[in-house]
Amino acid sequence: MTKIERDKNREGVSYEDIAAAATRIKGQALLTPVFTSKTVNDRTKSQVFFKCENFQRTGSFKFRGAYNALIQLSEEQKHRGVITYSSGNHAQAVALAGKLLGIHTTIVMPEDSPAVKQTATKSYGAEVIFYNRYKTTREEVAGRLQQERSLTMIPPYDHPHIIAGQGTVALELFEEVGSLDLLLVCCGGGGLLSGSAISAANLSPKCKVIGVEPEKGDDATRSFHSKTLQTVHNPDTIADGARTASLGALTFPLILHYVHDMVTVSDEALLRAMFFLWERLKIVVEPTGALSTAALLEGIVSAANARIGVIISGGNVDLKQVSNFAQINEIR
């Protein structure tokens, strides 16, 4: 039995699954660009590569996993339709994947999710059902509808096909820039982080993978360091894509096995990084998408004279909220 086979038997997802996903989504998911910045390199005294998933279809990495999952459904499952829950990026991804594959999609979204994400999800033809996240959980609402309508659940991160699809982000990064010393990845439910770490272990074995969370939603960081699954309830962070209650049954053991460390950043640091990316790299990045950049620019993670990969996870920011962002702690 090979090392990859042993890893899959133990953890549920292997690099072979990620490589297969890359083939499966080719021609549908975009090959997103890798940006560099002399300013960032000088500031960090390293060579930094930004993998820009804000240029992906639907504006985030989530399309990769969603398409990889939906295309593998049985014909009966496709006919019945699928349901998921999401604050926005996974919602858009499932909606578009469903549209492309002719599958009806039902999306459970919080009432206060960014308007730009609500509008985009509806534009792809999905049926959107809103809920109050202060009164109930998205899992409860989606679970009830799944049973009532006999739908297939496509969770936002804790699914082997989702994880494999997300792992193609790092696969592409390593294929383009070669081996790295350090890879920084944002973390909500852990699908992108676990998939990226599996790719790193196989394509750049000496690369240290670090997950980054918002301070107000630090369940994954506490879980990683305690080796016991921790939770958080409706964290009040601007990183809406990282408001997940906990890591999943699949992503938690994968992160423990493949990830080297977890760190957190404040919302204020997150916004500083987001505006920096807007102004210096000239790209629109949402708060969650700037988590990894914040950890690097704030010096929370540092590695001088290193080759560093930073995954920018998405760019679905509600531009109407920019003035509100700018007022937080007078960062502007």
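All of the points below concern the structure found in this document. (Residues numbered from 1 in each chain as written. Predicted model: local features only at pLDDT ≥ 70, side-chain atom pairs only at ≥ 80, totals over all residues. Heavy atoms only, no water.)

1. Here we look at the overall build of the protein chain
The condition is simple: Only DSSP runs of H or I with at least four residues qualify as helices, and only runs of E with at least two residues qualify as strands; both kinds are numbered from the N terminus onward. Computation of the radius of gyration draws on C-alpha atoms alone. For the globule rule, the value is 2.2 Å times the number of residues to the power 0.38. A simple rule labels every residue: compare its accessible area, found with a 1.4 Å probe on the protein chains alone, to the largest value its type can have, and call it buried under 20%, exposed over 50%, or partly exposed in between. The contact rule is simple, with two residues in contact once any of their heavy atoms fall within 4.5 Å. Accessible surface is estimated by sampling points in the Shrake-Rupley manner with a 1.4 Å probe; for residues, cover comes only from the protein chains shown. The sign given to each residue is positive for Lys and Arg and negative for Asp and Glu; His and the chain ends receive no count. By convention, charge coordinates are those of NZ in Lys, CZ in Arg, CG in Asp, or CD in Glu.
When its secondary structure is counted, the protein chain shows 16 helices and ten strands. Over its C-alpha atoms the protein chain spans a radius of gyration of 18 Å, differing by no more than 12% from the 20 Å that the globule rule assigns to 332 residues. Viewed in the frame of its principal axes, the protein chain has a C-alpha envelope of about 55 × 55 × 40 Å. Residues classed as buried in the protein chain amount to 60% of the 332 residues present. Sequence-distant contacts, at least 24 apart, represent 72% of the contacts inside the protein chain between residues at least 6 apart. Accessible area for the protein chain stands at about 13,300 Å²; split by element, carbon and sulfur atoms hold 49% of it. Between the mean site of the 35 positive side-chain charges and the mean site of the 34 negative ones, the protein chain shows a separation of 4 Å.

2. Overview of the pairing of strand S2 (residues 47-52)
For the record, the criterion: A pair of strands is treated as paired once DSSP finds two or more bridges between them.
Across the six residues that make up S2, a large majority, five, are buried. Pairing of S2 with strand S10 (residues 307-312) involves six bridges; the strand directions are parallel. Within the sheet, the bridge partner assigned to Val-48 lies in S10 and is Ile-308.

3. Observations concerning the nonpolar core
Just so we agree on the cut-off: Think of a nonpolar core as a cluster: buried Ala, Val, Leu, Ile, Met, Phe, Trp, Tyr and Cys residues, connected wherever their side-chain atoms sit within 4.5 Å.
Counting residues in hydrophobic clusters, the biggest one holds 74 residues, and the most contacted among them are Phe-50, Leu-180, Leu-183, Leu-193, Val-209, Val-259 and Leu-277. Formed by 22 residues, the second largest nonpolar core is a distinct cluster that contains Ile-25, Phe-63, Ala-69 and Ala-95.

4. Quick notes on the sheet that holds strand S3 (residues 82-85)
In a beta sheet, neighbouring strands are held together by backbone hydrogen bonds and run either parallel or antiparallel to one another. Keep this limit in mind: Convention adopted: a line fitted to C-alpha atoms gives each axis, helices being fitted over their contacting stretch, and angles between N-to-C directions are expressed from 0 to 180 degrees.
Here four strands make up an open sheet; going across it, the order is S5-S4-S3-S6 and the pairing parallel. Strand pairing shows two members of the sheet lacking a second neighbour, strand S5 (127-131) and strand S6 (152-153), which therefore form its edges. Taken together, the two bridges between S3 and S6 define a ladder with parallel strand orientation. Its bridge partner lying in S6, Val-82 is registered against Thr-152. Relative to the sheet, helix H6 (residues 89-101) contacts S3 and strand S4 (105-110), its axis offset from that of S4 by approximately 170°.

5. A word on the side chain of Lys-51
Formally: Between N or O atoms, a polar contact is any pair within 3.5 Å; within protein, one atom must be a potential hydrogen donor and the other a potential acceptor, and residues adjacent in sequence are included only when both atoms are from side chains.
Here Lys-51 is to be found in strand S2. At a separation of 2.9 Å, a polar atom in the side chain of Lys-51 contacts the main-chain carbonyl oxygen of Thr-32. Among the polar contacts made by the side chain of Lys-51, one reaches the side chain of Glu-172 at a distance of 2.8 Å. Each residue touching Lys-51, except ones within four places of it in the same chain, is listed here: Leu-31, Thr-32, Pro-33, Val-34, Arg-64, Val-169, Glu-172, Leu-173, Val-310, Ile-311 and Ile-312.

6. Re the pairing of S5
Two faces belong to every sheet, and in a regular strand the side chains alternate between them. Rules: We call a crossover right-handed when, viewed with the strands running away from us, the connection from the first strand over the helix to the second turns clockwise.
Taken together, the five bridges between S4 and S5 define a ladder with parallel strand orientation. Bridge pairing in S5 places Val-108 opposite Ile-129. Regarding topology, helix H7 (residues 115-123) serves as the crossover connection from S4 to the parallel S5, and that connection is right-handed.

7. Considering the side chain of Ser-60
Tracing the backbone shows Ser-60 in the loop between S2 and helix H4 (62-70). The class for Ser-60 is buried, based on a relative accessible area of 0%. Discounting chain neighbours no more than four positions away, the residues touching Ser-60 are Glu-53, Asn-89, Ser-313, Gly-314 and Asn-316.

8. Here we look at unusual backbone geometry
Despite not being glycine, Lys-45 has its phi angle at roughly 55°, a positive value. By the element assignment, Lys-45 lies in the loop between helix H3 (38-44) and S2.

9. Things to note about the environment of Ala-303
Its place among the elements puts Ala-303 in the loop between helix H15 (291-297) and S10. Overall, Ala-303 belongs to the partly exposed group, its relative accessible area being 25%. Along the sequence, Ala-303 and Leu-30 sit 273 residues apart, while their C-alpha atoms lie 30 Å from each other. Those residues in contact with Ala-303 that sit more than four places away from it in its chain are Ser-46, Leu-182 and Ile-308.

10. Digging into the packing of aromatic side chains
Put simply, the rule is: Two aromatic rings, drawn from Phe, Tyr or Trp (for Trp, its six-membered ring), form a pair once their centres lie within 6.5 Å of each other, and the interplanar angle then sorts them: stacked below 30 degrees, edge-to-face above 60, tilted otherwise. In our convention, an over-ring charge means Lys NZ or Arg CZ found within 6 Å of a ring centre and within 35 degrees of that ring's normal.
Summed over all chains, the structure comprises three aromatic pairs. An angle of 40° between the planes, with centres 5.7 Å apart, marks the rings of Phe-63 and Tyr-67 as tilted. In this pair, Phe-63 and Tyr-67 are both assigned in helix H4, four residues apart and thus about one turn of the helix distant. Both residues of the pair, Phe-63 and Tyr-67, count as buried. Considering the side-chain rings of Phe-275 and Trp-278, the 5.4 Å spacing of their centres and the 70° angle between planes classify their relative orientation as edge-to-face. Separated by three residues within a single helix, Phe-275 and Trp-278 lie in helix H14 (residues 267-281), roughly one turn from each other. The cationic tip of Lys-227 hangs over the ring face of Phe-224; the distance from NZ or CZ to the ring centre is 4.4 Å.

11. Looking at the pattern of salt bridges
Which entries qualify depends on this criterion: Salt bridge, as used here, is a side-chain nitrogen of Lys or Arg placed within 4 Å of a carboxyl oxygen of Asp or Glu.
On inspection of all chains with the given rule, the structure shows 14 salt bridges. Ionic pairing is found between Lys-78 and Glu-75, a salt bridge with its closest N-O pair at 3.7 Å. Note that Lys-78 and Glu-75 are positioned in helix H5 (residues 75-80) at a spacing of three residues, about one turn of the helix. Note that Glu-298 and Arg-272 form a salt bridge whose closest N and O atoms lie 3.0 Å from each other. Of the two residues, Glu-298 is situated in the loop between H15 and S10 and Arg-272 in helix H14; the sequence distance between them amounts to 26 residues. According to the relative accessible area criterion, Arg-272 is partly exposed, its value standing at 40%.

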